[in-house]
Number of protein chains: 4
Amino acid sequence: MNTFGQLFRITTFGESHGPGIGVIVDGCPAGLPVSQEQIQAALDRRRPGQSELTTPRSEADQVEIQSGIFRGETTGTPISLYIRNQDQHSHDYSHIEHAYRPSHADYTYDQKYGRRDFRGGGRSSARETAARVAAGAVAQQLLLREGMRASSYVSQVGAVQVPVGYEQLDLSLIDSNLVRCPHPETAEQMADLIRQVRDRHDTVGGLVTGVVRGVPAGLGEPVFDKLHSELGRAMLSINAVKGFEYGSGFSGVLLFGSEHNDEFYTDESGRVRTRTNHSGGIQGGISNGQDIYFRVAFKPVATILQPQATINDQGEAISLAGRGRHDPCVLPRAVPIVDAMTNLVLADMLLRARSNRV
Amino acid sequence: MNTFGQLFRITTFGESHGPGIGVIVDGCPAGLPVSQEQIQAALDRRRPGQSELTTPRSEADQVEIQSGIFRGETTGTPISLYIRNQDQHSHDYSHIEHAYRPSHADYTYDQKYGRRDFRGGGRSSARETAARVAAGAVAQQLLLREGMRASSYVSQVGAVQVPVGYEQLDLSLIDSNLVRCPHPETAEQMADLIRQVRDRHDTVGGLVTGVVRGVPAGLGEPVFDKLHSELGRAMLSINAVKGFEYGSGFSGVLLFGSEHNDEFYTDESGRVRTRTNHSGGIQGGISNGQDIYFRVAFKPVATILQPQATINDQGEAISLAGRGRHDPCVLPRAVPIVDAMTNLVLADMLLRARSNRV
Amino acid sequence: MNTFGQLFRITTFGESHGPGIGVIVDGCPAGLPVSQEQIQAALDRRRPGQSELTTPRSEADQVEIQSGIFRGETTGTPISLYIRNQDQHSHDYSHIEHAYRPSHADYTYDQKYGRRDFRGGGRSSARETAARVAAGAVAQQLLLREGMRASSYVSQVGAVQVPVGYEQLDLSLIDSNLVRCPHPETAEQMADLIRQVRDRHDTVGGLVTGVVRGVPAGLGEPVFDKLHSELGRAMLSINAVKGFEYGSGFSGVLLFGSEHNDEFYTDESGRVRTRTNHSGGIQGGISNGQDIYFRVAFKPVATILQPQATINDQGEAISLAGRGRHDPCVLPRAVPIVDAMTNLVLADMLLRARSNRV
Amino acid sequence: MNTFGQLFRITTFGESHGPGIGVIVDGCPAGLPVSQEQIQAALDRRRPGQSELTTPRSEADQVEIQSGIFRGETTGTPISLYIRNQDQHSHDYSHIEHAYRPSHADYTYDQKYGRRDFRGGGRSSARETAARVAAGAVAQQLLLREGMRASSYVSQVGAVQVPVGYEQLDLSLIDSNLVRCPHPETAEQMADLIRQVRDRHDTVGGLVTGVVRGVPAGLGEPVFDKLHSELGRAMLSINAVKGFEYGSGFSGVLLFGSEHNDEFYTDESGRVRTRTNHSGGIQGGISNGQDIYFRVAFKPVATILQPQATINDQGEAISLAGRGRHDPCVLPRAVPIVDAMTNLVLADMLLRARSNRV
């Protein structure tokens, strides 16, 4: 359904072209300073029209706090965040009212519910993720107090990939370019590729790498709510995501156990660490205090401005081309969404871990 | 926690070396024929000691039905399945009582709970998955009535991989060899590799490919409980899993939108289909009636019969070698676990979809 | 927390004097005709200022549908209903900023959360129930399709009680008077009592009797989610409720088993019925097809326009009198809230029962 | 379903005449000393055959701990408690296989699930509550550490009631007589009444009063999971319960607000208290630090050893009399069940309150 999280819990609502979208954040502890500006800043990283690499459709995505915050702090009651849709009536969607766009959710929503709000994809639109980003900004405030910081970045677009691991990057550079890739040379190549793809009316996918630093040992709730299974579920719930791996991930299958195991040692400061981190900071589903890192695969955007063969809701063959303004590549705007989902999972696990001991 | 599923819901319990392990299946509809033999057959595929490629430790894993089934059919009340541990007192685990095995959950359990049942890994042992397999056998009966069949197989061990896609394999051959790979030549190479690794006291990982046929359009509950995010979460909750991808997965990022999109058409029988299936049978988080397929990455088993550097619970450097009988490669025994989790997710989604329309 | 229901699930938000209050209805099946007018009609029964017997404070409580309904029907996606607060800035609440009103939630919110939005009671205000009434109107549409109708009425105010059982009343008269009591003579006495109490700046409590007709046998989910335990929980979550009983209730303890048991018989139409209905239409937590009936006790409103001894948040003794416009008796306005909670419980149970059999 | 609680969560299973019944306790914090003896002691208070006032059917109800406890303390993993049924094959239930006993769950289970395990009532038997009592004993250990103690007692049997409130009773006397009523003279009258009723093959109901002392301010999770709504739901889920009230309860409707309000004051030790406690220790759904008290109404047992008119599963009129050994009055054995549910609710709320503040 539309709720995520056990203790730090969000419920999102809204369609792409209805009056607006929003989220209820329930279970956020009282006494957390939260400002409209913090939430807006997160939304600004996701909003359409932010650069020449994303959709030229521009929406301000102005957030309104409707409840739960009093005198600048959370009160322990549900926080409602609302974003009005600005151009809800401006487009004509009659061309897709009865058509099933390839690799979209049109056909499956119709099969499931017997109907759909077809305007701009309705509920299946990635616009829903703006609500997640707003909620994630609240979760982030909670984590920052505990010294945890999630940073994600674009590590691959099409075949162009960052040649080094996250440990060798300066993550403060993520927002220094339009692609949100902290490896400047690669970022330029990625931008070039996105422009090429855009100009030939096509789209391209890529990878986002997520990194979380400062996570204390002990977060994650075995056996089913392991930290990485909740992270994976969270990422896979983002539109266009096709895969998730953490630590050594898929490439770990090429190592033998003797190579893959992370030896423990105690560093000079007396802190327990591992010499390698194939575990990705998570062992047995519980954080071990090392960096958490993972990768998320995004497929190329399904809406392309070229004619494609498909069918209508009568099963008849038709040709259909995307219209309007769309992202040639979602990766730059996916970064704040990955950050948000990471923050939401960690905030939930942080609260859940408070019950681990008497 | 230890519960999985919303409507078809399981709760597992038990430690590796306590009296036994088990599972409560709650929410299974009444009137489903379920036999002890069906559940036992599933457990027999997972049990240790089944072949020379797995751990030589042999346990019968005999299941007892404690409730919920009357005169051979489910009654709608909770089904309790229990498996007694046979060799609970036979081993000496004092060497790991105070040691943190590399890439195990010893350290993280201690950090989280302030203690752990160290015998055989306690709750973090993969023995817990036997309970899932028992529950999955019940879910499977529900799905078979609806024409759905989940089949998974070993598609890669170390660097040895099946050279063709699942569509070109005869999935009825999965159990025709010890590896559970339906491509006989590759299975032999895999078996050879496992034997070599075993003989040098090392371990090796690999991939399981899951396939589900006969799934009707309409299963999956956006936006957070998408079919693939629940599948991913389920797989990632299995011990040793490091990654999950469905459909085109990670390799989909190398395709452009114009290549990746799955065109719809109506076949001669009037059924809606897609010409390609990069979507992996799921669009917008909802099944579209095509085959569902996905891949799950398993790391090499962490327990190796070689000395490794690590620390004890005082933070002191020690050397530790695994003892006893362990799997050099979990993949053959992972297949029934992947099947079980697939069946559990689909059974839950099947029931949840009953509320989609008035 | 702020979510109620498993499959037909609501999440409410908002404070008495914030920008507004609202509710997300998640899990409502697609294809249900729902109009703004239906929801507004339910809200109008609850709104303040509707008669001389309730608070003279007048709010329009105009509902806005923000999502989930397209072309007049539900789409299966979350339905967001929002009610703007009209007079959010009009009052001065400084007198209670640091005071603990007797029998209010001021002290307990402060103890729990370390702070509270004191304006008009903030989240603890009964204003929150407007959101429930809006959601209940959606649930009601679902139930009416299935022939179920919940009706509740005021059966007691102070010591003035309806002298007959619900079976002897014409429930279509509930809204024929300001008290919402379908026994006209008693309604007049109740109204008189409320006026007297109001004029002496005091308050009075009473009982609401709930009746549901047309419920099919089979609703309710043992063992913990019995139909009556969910109804009881729902009613007890309403502000000012102190007790719940169903069927014979507390007076049933005075009967012997031989008197209390409800004999089954088959009526002339072949329908199974019971000769008495001490069971209140529920046996073993599951509806049996007879009328469901229950009673809900409301304490007198805690806000009285008289000085009372209490303390401030420094623990110092103070005297405090209520200010502004308050209900001398909540019972007339409680009726639509009881209806709403009844509808929400039944809608949830209706959907849950869809999974009872293969 | 069969799960209760959010963080301290139990799942029960088992039928009256299957192999056994049991419970999984999930979410219990690690490090809590728990012994088999503590659990057994709670079960002994509930077990049949404990006195001449209860059913002469005798079962040892021996509990086995199957998981979750290591070296005498909880480990944070699920605790499985199992009670084997001793006389599962000893009775003949063919007389009720096709009959619908009045005011039992036979008819409703059949209507809901299309079948039922009729032996001894199957899942609808109050035998299920033994599992709750076992789990409640674990919860109790957690609460005792925090200074909370739940005590309940029989306050009314038929028309015989304790003439004073709980404050005037010595609750250490509860187990000093067979009825579990701490007012010795009344206990004797109750015992006499129960014997009379038993001898004329009838049954009688009554009230249990629950008292909880030592609860800190701040427990309970508005708006839907108020402390009293969770208590009410818990009590109403117990077999034969028809009503729940807390604090002033139903009789509170006879007071005016000026009489009912509980004035706050600071006592000589600086502790905030109320002069009266009509609130029953709960305000706005949150504990306020005063005693919590409530009353639970139990109907007379439905099984009577007299012939009654009813129908069979073909709808045909039949006469049916109870057989075997049954309780003439459940009240004495209901006391440990009320205690258990109280402990379970409070343990859950205790853990949930850990997330209330940053």
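Residues numbered from 1 in each chain as written. Chains lettered and ligands numbered in written order. Predicted model: local features only at pLDDT ≥ 70, side-chain atom pairs only at ≥ 80, totals over all residues. Heavy atoms only, no water.

1. Concerning the pairing of strand β7 (residues 79-84) of chain A
Residues and elements named next belong to chain A. Under the convention used in this document: The cut-offs for exposure are 20% and 50% of the maximum accessible area for each residue type, with area from a 1.4 Å probe on protein chains only; residues under the lower value are buried, those over the upper are exposed, and the others partly exposed. Only DSSP runs of H or I with at least four residues qualify as helices, and only runs of E with at least two residues qualify as strands; both kinds are numbered from the N terminus onward. A strand pair is defined by DSSP finding two or more bridges across the two strands.
For β7, a buried count of 5 out of 6 residues is recorded, marking the element as mostly surrounded by other parts of the structure. Pairing between strand β3 (residues 20-26) and β7: 6 bridges, direction antiparallel. By the bridge assignment for β7, Ile21 is matched with Ile83. With 4 bridges joining them, strand β4 (residues 63-67) and β7 adopt antiparallel strand pairing. Paired with Ile65 across the bridge in β7 is Leu81.

2. Comments concerning the environment of Thr266 of chain B
For Thr266 of chain B, the position within the fold is in strand β13 (residues 264-266). Residue classification places Thr266 of chain B among the partly exposed residues on the basis of a relative accessible area of 29%.

3. Some remarks on empty space enclosed by the protein
Short version of the rule: Grid points spaced at 1 Å over the protein atoms alone were grouped into cavities, where a 1.4 Å probe fits but cannot get out, and pockets, open sets with protein on both sides within 12 Å along at least five of seven lines, with lining residues defined by an atom within 4 Å of a point. Grid points are joined across faces, edges and corners, and a volume is the space filled by probe spheres set on the points. Under the grouping applied here, Gly and all other residues not named as nonpolar or charged are polar, the nonpolar ones being Ala, Val, Leu, Ile, Met, Phe, Trp, Tyr, Cys and Pro and the charged ones Asp, Glu, Lys and Arg.
A complete count under the given rule lists 15 cavities of 30 Å³ or more for this structure. In this structure, the largest cavity encloses a volume near 990 Å³. What lines the largest cavity is a set of 41 residues, and nearest its centre among them are Gln6 of chain A, Gln6 of chain B, Gln6 of chain C together with Gln6 and Arg9 of chain D. Class assignment of the residues belonging to the lining of the largest cavity gives a composition of 8 nonpolar, 12 polar and 21 charged. Taken together, 22 residues line the second largest cavity, and the ones lying closest to its centre are Met1 of chain A, Glu221 and Arg352 of chain B together with Leu7 and Gly27 of chain C.

4. Here we look at the interface of chain A and chain D
Where we set the bar: Residues count as neighbours in contact if any of their non-hydrogen atoms are within 4.5 Å of one another. Accessible-area loss on putting two parts together, using a 1.4 Å probe and summing over both, is the definition of buried area adopted here. Only one rule defines a salt bridge in this text: a Lys or Arg side-chain nitrogen within 4 Å of an Asp or Glu carboxyl oxygen. Pairs of N or O atoms within 3.5 Å make up the polar contacts considered here, provided that, within protein, one atom can donate a hydrogen while the other can accept it, and that residues adjacent in sequence are counted only when both atoms are side-chain atoms.
Taken residue by residue, the interface counts 16 residues in chain A and 16 residues in chain D. Together, the buried faces of chain A and chain D total about 1,200 Å²; carbon and sulfur atoms form 52% of this surface. When the area that chain A buries against chain D is broken down by residue, the three leading residues are Arg354, Ser355 and Val358 of chain A, summing to 51%. Taken together, the links from chain A to chain D amount to 0 salt bridges. Between chain A and chain D we count 7 residue pairs in polar contact (both at pLDDT 80 or more) in total. Split into classes, the residues belonging to the side of chain A that touches chain D amount to 7 nonpolar, 5 polar and 4 charged.

5. Some thoughts on the relation of the copies chain A and chain B
Defined as follows: Copies are brought into register by a least-squares superposition over C-alpha atoms of residues with pLDDT of at least 70 in both.
At an RMSD of 0.0 Å, chain A and chain B line up after a rotation of 180° and a shift of 0.0 Å along the axis. What the rotation and shift describe, once combined, is the action of a two-fold rotation axis. A shared interface surface links the copies, since 100% of the contact residues of chain A are contact residues in chain B too.

6. A closer look at the UniProt feature "binding site: NADP(+)" (unreviewed entry) in chain A
Residues and elements named next belong to chain A. Heads up, the rule is: UniProt positions are given in the numbering used here, feature names are shortened, and annotations may be inferred rather than shown by experiment.
Sequence positions flagged by UniProt for "binding site: NADP(+)" (unreviewed entry) are, in local numbering, Arg46. Excluding anything up to four places from it in sequence, Arg46 contacts Asp61, Ala126, Arg127, Thr129, Ala130, Val133, Arg333, Pro336 and Ile337. A polar contact is formed between the side chain of Arg46 and the backbone oxygen of Ala126, at a distance of 3.2 Å.

7. With respect to the interface of chain A and chain B
At the interface, 104 residues of chain A touch 104 residues of chain B. Together, the buried faces of chain A and chain B total about 7,900 Å²; carbon and sulfur atoms form 58% of this surface. If you sort the residues of chain A by the area they bury against chain B, Lys112, Phe224 and Lys242 of chain A come out on top, with a joint share of 12%. Between chain A and chain B we count 6 salt bridges in total. Ionic pairing is found between Asp225 of chain B and Arg233 of chain A, a salt bridge with its closest N-O pair at 3.0 Å. The interface formed by chain A and chain B includes 53 residue pairs in polar contact (both at pLDDT 80 or more). If one sorts the elements of the side of chain A that touches chain B by residue count, helix α3 (residues 106-113) of chain A sits on top with 7 residues.

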